[in-house]
Amino acid sequence: MAESAIVSKAAAPRGSFLQNDTLFYALLALTALGIVSTLQVVAFRAPTEASMGIVQKIFYFHVPAAYAMYLGAAACFLGSAGYLYNGRLGWDALARAGSEVAVAMGIIVMVTGPLWAAKAWGVYWTWDPRLTTSMLSVLLYVAYVVLRAFAGDGEAERKFAAALGVLGAANLPIIHYSVQKWGGNHPKVITSGGGGLQHPDMKLAFAMGMTSFTLLALLLLWSRVRIDLASSRLAELEQEALELGLGEE
Amino acid sequence: MRMHFDTSAPAPIPTTPSADDRSTAFRAVQGGGEMQSGEKLLVEAYAALWLILFGLVFISWRRQKAIDARVVTLESELAKVRAAGESRKSGGA
């Protein structure tokens, strides 16, 4: 932990909140507390849904995970656009972090959704507009992560990935409005035209899920950016070591 | 005498399809969705959620640790080289 603090302070821009370990660990503690409290409310306070039964409780993490996927994708879009605009590596680090959060949250959505559907619809998967567009989005961010992992870290690769990060975001509004425009089986309980959550404890559990997944997405983004900053510091040191003739490990 | 026919009743579904039917189509058991246990699906969903999150956290933690270890080693090596350079300079002067 102390080592990580040294690295982050050395690599982050001077005065940046990214180098503030107290804030980082405070967010970590707050996120852990939020998730544990949400679990407690979902398990013991939120009532069982009348028609679907207990399986509906997947909703309290499925929807917040989808929302967190949007947050990751938005960070990827912002970082990619920023990098294309001024070429600063900090923006690229944000885009990379965002894509990984989008993939992790997208996989959660793609796993928990079909498990819920198995009970609610009798099938794990159907080519419903929202399911299809969501899967397309997850695949786009998987492509981004794979590209960054295997295609090297040159300027051309970063620019190509940034273009993908900007264009990939175009699918997000399509996911959001797909239910309203094209119908399908996917529920629209909390979006416009939906009946909403009919019990105060359901609303509480959902609000807590959304809050804890917002914190979780921010924490994952921050921790991934810290890794990138530490990698930049390592690259600087390796360059210095080479210049001083310190071997070629 | 009037005969009564129940026209609202659905046509009976053959329970034992012929060999030809089986080779061209697979039919789902009626009410198949109800055979899934909601509790089991809920536990599977939450298990998947935590596995994915812990996997991501573990991978990030390992990456950070590996980079930190390398940075600490390099920093100490560089400090030694710099100190040796300084002493050489001061010795030469």
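What you are looking at is a predicted structure, and each value in this text was computed from that prediction instead of being measured.

## Focus on the overall build of chain A
The secondary structure content of chain A amounts to eight helices and zero strands. Reading the helices (α) and strands (β) of chain A from amino to carboxyl end gives α-α-α-α-α-α-α-α. Counting only residues that meet the buried cut, chain A has 41% of its 249 residues in that class. If you take every contact in chain A between residues at least 6 apart in sequence, the share linking residues at least 24 apart comes to 77%.

## Some points on the overall build of chain B
Helix and strand counts for chain B stand at two helices and zero strands. Split into buried and exposed, the 93 residues of chain B put 10% on the buried side.

## Some details on the packing of helix 4 (residues 89-120) of chain A against helix 8 (residues 200-243) of chain A
Residue and element names in this part refer to chain A. In the contact formed by helix 4 and helix 8, the axes pass within 9 Å of each other and the chain directions differ by 135°. Here helix 4 lies oblique to helix 8, going by the angle between them. Of the two elements, helix 4 crosses helix 8, and the hand of that crossing is right-handed. For the pair helix 4 and helix 8, the contacting residues are Leu 89, Ala 93, Leu 94, Arg 96, Ala 97, Gly 98, Glu 100, Val 101 and Met 105 in the first and Ala 217, Leu 220, Leu 221, Arg 224, Val 225, Asp 228, Leu 229 and Ser 232 in the second. For the contact of helix 4 with helix 8, the per-class residue count stands at eleven nonpolar, two polar and four charged.

## Quick notes on helix 7 (residues 171-182) of chain A
Residues and elements named next belong to chain A. Buried residues of helix 7: Ile 175, Ser 178 and Val 179, and no others. Along the axis of helix 7, the buried positions cluster into a sector of 80°, meaning they face one direction only. Facing away from the buried side of helix 7, by more than 90 degrees, are the exposed residues Pro 173 and Lys 181.

## Digging into the packing of helix 3 (residues 59-86) of chain A against helix 4 of chain A
Residue and element names in this part refer to chain A. Where helix 3 contacts helix 4, the axes come no closer than 7 Å and their chain directions differ by 155°. Taken together, the axes of helix 3 and helix 4 are roughly antiparallel relative to one another. As for how helix 3 packs across helix 4, the hand of that crossing is left-handed.

## Describing the interface of chain A and chain B
Frequently, the measure chosen for interface size is the accessible area that the parts lose on association. Taken together, the 35 residues of chain A in the interface contact 26 residues of chain B. When residues of the side of chain A that touches chain B are traced back to their parent elements, those giving at least two are helix 1 (2-11), helix 4 and helix 8 of chain A. For the side of chain A that touches chain B, the element with the most residues is helix 8 of chain A, which contributes 13 residues. Residue composition of the side of chain A that touches chain B, grouped by class: 21 nonpolar, six polar and eight charged.

## Remarks on the environment of Gly106(A)
Turning to its location among the elements, Gly106(A) is positioned in helix 4. Once you skip the residues sitting within four places of it in the chain, Gly106(A) turns out to touch Met69(A), Ser137(A), Val138(A) and Tyr141(A).

## With respect to the confidence of the model for chain A
Residues and elements named next belong to chain A. Mean pLDDT over chain A stands at 84; residues scoring 70 or higher make up 89%. Here helix 1 stands out as the element of chain A with the lowest mean pLDDT, 41, in contrast to helix 3, whose mean of 94 is the highest. Here residues 1-12 is a poorly scored stretch, pLDDT under 50, and it has 23 contacts once near neighbours within four places are set aside; other chains count.

Calculation criteria
- Residues numbered from 1 in each chain as written.
- Chains lettered and ligands numbered in written order.
- Predicted model: local features only at pLDDT ≥ 70, side-chain atom pairs only at ≥ 80, totals over all residues.
- Helix = DSSP H or I, 4+ residues; strand = E, 2+ residues; numbered from the N terminus.
- Buried ≥ 20, exposed ≤ 12 C-beta atoms within 10 Å, placed from the backbone.
- Contact = placed C-beta atoms within 7 Å.
- Axes fitted to C-alpha atoms, helices over the stretch in contact; angles between N-to-C directions.
- Parallel < 35°, antiparallel > 145°, perpendicular 65-115°, else oblique.
- Left-handed = near helix turned anticlockwise from the far one by under 90°.
- Nonpolar A, V, L, I, M, F, W, Y, C, P; charged D, E, K, R; others polar.
- Arc of directions from axis to C-beta.
- pLDDT = per-residue confidence, 0-100.

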